[in-house]
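Architecture at a glance
The lines below spell out each chain.
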Amino acid sequence: GDENEDLDNKSNLVLCYYNTRTSLEPKGWVSLEDVIAIMPIISSKFEFLVCTTRRDYFLRTKYAIQYNMWIAGLKSLCNMPLEERIEWPKCLGPIPTTYSS
């Protein structure tokens, strides 16, 4: 198939994760098509779960702005509503609300 056609297909979107920051090869990946929930962990700062049909993934950011960008970006790509109010850097334009190819 055509490469551009593959990029436009949302079922091809994946979140890769690595053993360390310097790892060159991903340890694994999560198909965004399988994500059923993205939930903040209320009891701790800047941590959230990405829940899929197979398992849950624990993610942590160092700063609030990174946390907000991950939550908004993932929810947008997964076509999920952004319920909570988040801080967003104005230099990045509007907060993403839906994925458009």
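The structure we're discussing is the one just above.
The text that follows walks through the structure, step by step, so that each part is easy to find. Just so we're clear, the structure is a prediction, and the values are computed from it rather than from any experiment.

**Overview of the overall build of the chain**
Helix and strand content of the chain: 2 helices and 5 strands. Listing each helix as α and each strand as β along the chain from the N terminus yields α-β-β-β-β-β-α. Across the 101 residues in the chain, those meeting the buried criterion constitute 30%. Considering only intrachain contacts with a sequence separation of at least 6, the fraction spanning at least 24 residues in the chain is 23%. Carbon and sulfur atoms form 53% of the exposed surface of the chain, whose accessible area is close to 7500 Å².

**Quick notes on the packing of aromatic side chains**
The relation between two aromatic rings is expressed through the spacing of the ring centres and the mutual angle of the planes. Overall, the coordinates contain 3 aromatic pairs when judged by the stated rule. With centroids separated by 6.4 Å and ring planes inclined at 50°, the aromatic side chains of phenylalanine 46 and tyrosine 67 adopt a geometry described as tilted. Of the two residues, phenylalanine 46 is situated in the loop between strand 3 (35-40) and strand 4 (47-52) and tyrosine 67 in helix 2 (residues 64-77); the sequence distance between them amounts to 21 residues. On the accessibility criterion, phenylalanine 46 (22% relative accessible area) is partly exposed. Relative accessible area serves as the criterion here: at 15%, tyrosine 67 is assigned to the buried category.

Quick notes on the rules
Residues numbered from 1 in each chain as written. Predicted model: local features only at pLDDT ≥ 70, side-chain atom pairs only at ≥ 80, totals over all residues. Heavy atoms only, no water. Helix = DSSP H or I, 4+ residues; strand = E, 2+ residues; numbered from the N terminus. Buried < 20%, exposed > 50% of the residue type's maximum accessible area, 1.4 Å probe, protein only. Contact = heavy atoms within 4.5 Å. Areas by Shrake-Rupley, 256 points an atom, 1.4 Å probe, with all protein chains shown as cover. Phe/Tyr/Trp six-rings, centres within 6.5 Å; stacked < 30°, edge-to-face > 60°.

Keep in mind that these numbers describe shape and distance, not what the molecule does.
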